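Geometric and topological summary
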Amino acid sequence: MVTAEGVHKRFGQLEVLKGIDLEVNRGEVMCILGPSGSGKSTFLRCINHLEPINAGRLSVDGELVGYRESGGRLFELHEREIGRKRSEIGMVFQHFNLFPHMTALENVTLAPMLVKGAGREEARQRGRELLARVGLADKLDTYPVALSGGQKQRVAIARALAMAPKLMLFDEPTSALDPELVGDVLDVMRGLARDGMTMIVVTHEIGFAREVGDTAVFMDAGVVVEAGPPKEVLSNPRQERTKAFLSKVL
Amino acid sequence: MSGSERTQNGTGRHEEIRAVPVRHPGRWVAAVVVLVIAASLVRSAVVDKRFYWHLVGDYLTDPRITHGVLVTIELTVIAMSIGVVLGVVLAIMRLSPNPIVSTGSWLYIWFFRGTPVYVQLLFWGFIGDLYPNIDIGVPFGGPAVIHASANTLIAPFTAAILGLGLNEGAYMSEIVRAGMISVDEGQTEAAHALGLTPAQTLRRIVLPQAMRVIIPPTGNEVISMLKTTSLVVAIGAVYELMAETEAIYGATYNPIPALIAASIWYLTMTSVLYLGQYFIERRYGRGFTRTQRGRWRGRTLALSTSREHGGAL
């Protein structure tokens, strides 16, 4: 589903990703862990072209991200084309980024109507179902300002699911939440994984990674230090750097 | 909660506080000074015959004055509409990644903010001296689609509209730009991640949120525009409120009552604008306040933390 080969990313002089090689198969859940500044969020943002990469190859479902290859040359995709590809990838942010001037339901129905041309009633019907699925059937007409952090994040997940994505990216979805609200959001994510959604999750929730993840990846300073089944990476890390990180987190 | 209701562990009653308030003699002195000034102003207005209140009353409903009021409103509405549309376009140009487009916008703002609107109005009034004929068509000597004399194409009223509207565009663009950059970057990111194009993101996500920041200073601009229309007197032949007022006292040699009548009309119109602004602000405040302004602080705090995160990797 997602293939990264030698992905490099620079911000000016600062090299944030120094050659990432990773592979995520359909229906798999990959959890990426690592200290802040390790490049894990940047990598996630590269996958839907929020950040263009500087070197290497990155493809989703066999198609290059952000470019079209023809006759050995790369051509930038048009904005509309990039938008179409992004619409197949759901993304959930640490700070929710809900649209504050719209109700929960409007947040969920906007993109299906604008990007996919769904009818208003069809979009609203699906929006109601999705909000019910994340446990917010009673918050349809509530503005984000009146929702708790956990509720906001669940609306954000429903908003991403409304596009029927084939891949979901989670960028530290529980890091901005009060500890007691984390559980509701993780439950929703667990449900998604059970339904067979392909997911890449940048997280500090070791327990979640161990329980739900098919692969755990430990990143540091722009490289993948260790990757493999969570049982091995999280319980019996081979690298000293991973051991040091886990001993601090646990 | 009042003091008498305060309880400890829900049982024991505490005595209500009855403290002697601190005296503020300075405030009393200031209040007296304000009262004295106000009273003497009111007294002079009532007693002084040179206010000619009976004439003021007549002028208020004089057909020349009411016609002037209508022209003033017309000028304000049209010039402001041009200003707002131009302002949005210039603001978007200013934020464009293309350096020629953004520099063009910068130069426009530099020129129209840097010269007095009075001078700009005169320029438009005398446009015929600069360009006797106006050709619109293929540039650099190509065939013209419209060919007309400047004085017929740009009549005094059009000159007034152009002068006021093009000047306003420069100010509005800075207001719109401030509104646009006030919207958290995460909003644009979320919209892009959902597949919205940059144009859709601008129209559906950024501009509606920017409105909250744009509206208060725009209300200011409308009020300012309403009064700036009086400078149109410079062009002549546009009979808005101030021109009509001048015409009246030019004939009677008694300026004060006519000027008072004009001031009352200006005050009335700006007061109506205050009311309009209140309702528009409430409309675009949706989702930003639950009930009271107290929410604001929490909201700003949340925005600033998310912006900090945006800079992190």
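These numbers come from a predicted model, not from an experiment.

Regarding the packing of aromatic side chains
All names here are of chain B. In the structure shown here, the tally under the stated rule is 6 aromatic pairs over all chains. A centroid spacing of 4.3 Å and a plane angle of 25° characterise the contact between Tyr108 and Phe112, whose relative ring orientation is stacked. Of this pair, Tyr108 and Phe112 both sit in helix α4 (residues 99-114), separated by 4 residues, roughly a single helical turn. A single burial state applies to Tyr108 and to Phe112, both of which are buried. Feature note: the residues Tyr108, Phe111 and Phe112 constitute an aromatic cluster, connected by ring pairs. Taking NZ or CZ as reference, Arg283 lies 4.9 Å from the ring centre of Tyr284, over its face.

Some details on unusual backbone geometry
Residue and element names in this part refer to chain A. One non-glycine residue, His49, lies in positive phi territory at about 65°. Locating His49 in the fold gives a position in the loop between α1 (40-47) and β4 (55-60). The phi dihedral of Ala221 is positive, around 50°, even though this residue is not glycine. Tracing the chain through its elements places Ala221 in the loop between β11 (215-220) and β12 (223-228).

Some points on the pattern of salt bridges
Residue and element names in this part refer to chain A. Within the structure shown, the criterion is met by 23 salt bridges over all chains. Here Glu51 makes a salt bridge to Arg45, at a shortest N to O gap of 2.8 Å. For the pair Glu51 and Arg45, one class covers both residues: buried.

What about the packing of helix α3 (residues 63-94) of chain B against helix α11 (residues 241-252) of chain B?
The relative placement of two packed helices comes down to the angle between their axes together with the axis-to-axis distance. Residue and element names in this part refer to chain B. One way to put it is that α3 packs onto α11 with a least axis distance of 7 Å and a crossing angle of 155°. If you check the angle between α3 and α11, you find them roughly antiparallel. Residues Arg64, Ile65, His67, Gly68, Val69 and Thr72 of α3 pack against Leu241, Glu244, Thr245 and Ile248 of α11. Residue classes in the contact of α3 with α11 are distributed as 4 nonpolar, 4 polar and 2 charged.

Details of a nonpolar patch on the surface
A cluster of nonpolar side chains, namely Val29(B), Val33(B), Ile37(B) and Leu41(B), defines an oily patch on the protein surface of about 380 Å² accessible area. With a relative accessible area of 53%, Val29(B) lands in the exposed category.

Overview of the interface of chain A and chain B
Listed by partner, the interface residues are 35 residues for chain A and 28 residues for chain B. In total, about 2,900 Å² of surface goes out of reach between chain A and chain B, with carbon and sulfur atoms giving 63% of it. On the chain A side of the interface with chain B, the three residues burying the most area are Pro100(A), His101(A) and Val145(A), jointly 23% of the side's total. Between the two partners, chain A and chain B, sit 1 salt bridge. Residues belonging to the side of chain A that touches chain B are distributed by class as follows: 20 nonpolar, 10 polar and 5 charged.

Focus: the nonpolar core
Grouped together as the largest cluster of nonpolar side chains are 46 residues, with contacts concentrated most on Leu131(A), Ile157(A), Met168(A), Phe170(A), Met189(A) and Met199(A). Among the elements that line this core, the one with the most residues is helix α6 (residues 179-194) of chain A, at 8 residues. Residues within four places of Met168(A) in sequence aside, it is in contact with Gly90(A), Val92(A), Ile157(A), Ala160(A), Leu161(A), Leu192(A), Met197(A), Thr198(A), Met199(A) and Ile200(A). Ala4(A), Val24(A), Leu44(A) and Ala193(B) belong to the second largest nonpolar core, which has 39 residues in total.

Digging into helix α9 (residues 185-193) of chain B
For α9(B), the tally of buried residues reaches 7 of 9 residues, placing the bulk of the element in the interior. All buried positions along α9(B) are accounted for by Gly186(B), Gln187(B), Glu189(B), Ala190(B), Ala191(B), His192(B) and Ala193(B). In this structure, the buried side of α9(B) is in contact with α1, α2 (79-86), β8 (89-92) and α5 (149-161) of chain A together with α10 (198-228) of chain B. Looking at the residues trailing α9(B), positive phi occurs at Gly195(B), about 105°.

As for the sheet that holds strand β10 (residues 198-202) of chain A
All names here are of chain A. If you trace the 6 strands from one edge of the open sheet to the other, you get β8-β9-β10-β3-β11-β12, paired in mixed fashion. This sheet does not close on itself; its edge strands, each paired only once, are β8 and β12. Taking each pair of neighbouring strands and ignoring which way they run, the sheet shows an average axis angle of 15°. Bridge count between strand β9 (residues 167-171) and β10: 5 bridges; the pairing is parallel. Within the sheet, the bridge partner assigned to Leu169 lies in β10 and is Ile200. In this fold α6 packs onto β3 (29-33), β9 and β10, with an angle of close to 145° to the strand it touches most, β10.

Thoughts on the confidence of the model for chain B
Residues and elements named next belong to chain B. When pLDDT is averaged across chain B, the result is 86; 88% of the residues are at 70 or more. Throughout residues 1-7 the model reports pLDDT below 50, and contacts reaching past four residues in sequence, or to other chains, amount to 8 contacts. Under the prediction, the complex receives an ipTM of 0.93, its pTM being 0.80.

Re the packing of helix α4 (residues 120-133) of chain A against α5(A)
Residue and element names in this part refer to chain A. At a minimum axis separation of 9 Å, α4 and α5 run at an interaxial angle of 140°. By the angle between their axes, α4 is oblique relative to α5. The interaxial crossing formed by α4 with α5 has right-handed handedness. Here Arg126, Leu130, Leu131 and Arg133 of α4 lie close against α5, whose contacting residues are Val155, Ala158 and Leu161. Of the residues belonging to the contact of α4 with α5, the class tally is 5 nonpolar, no polar and 2 charged.

Calculation criteria
Residues numbered from 1 in each chain as written. Chains lettered and ligands numbered in written order. Predicted model: local features only at pLDDT ≥ 70, side-chain atom pairs only at ≥ 80, totals over all residues. Heavy atoms only, no water. Phe/Tyr/Trp six-rings, centres within 6.5 Å; stacked < 30°, edge-to-face > 60°. Helix = DSSP H or I, 4+ residues; strand = E, 2+ residues; numbered from the N terminus. Buried < 20%, exposed > 50% of the residue type's maximum accessible area, 1.4 Å probe, protein only. Lys NZ or Arg CZ within 6 Å of the ring centre and 35° of its normal. Salt bridge = Lys/Arg side-chain N within 4 Å of Asp/Glu carboxyl O. Axes fitted to C-alpha atoms, helices over the stretch in contact; angles between N-to-C directions. Parallel < 35°, antiparallel > 145°, perpendicular 65-115°, else oblique. Contact = heavy atoms within 4.5 Å. Nonpolar A, V, L, I, M, F, W, Y, C, P; charged D, E, K, R; others polar. Patch = residues over 30% accessible without salt bridge, like charges linked within 9 Å, V, L, I, M, F, W, Y side chains within 5 Å. Areas by Shrake-Rupley, 256 points an atom, 1.4 Å probe, with all protein chains shown as cover. Buried area = accessible area lost by both parts, 1.4 Å probe. Core = buried A, V, L, I, M, F, W, Y, C linked by side-chain atoms within 4.5 Å. Pairing = 2+ DSSP bridges. pLDDT = per-residue confidence, 0-100. Left-handed = near helix turned anticlockwise from the far one by under 90°.

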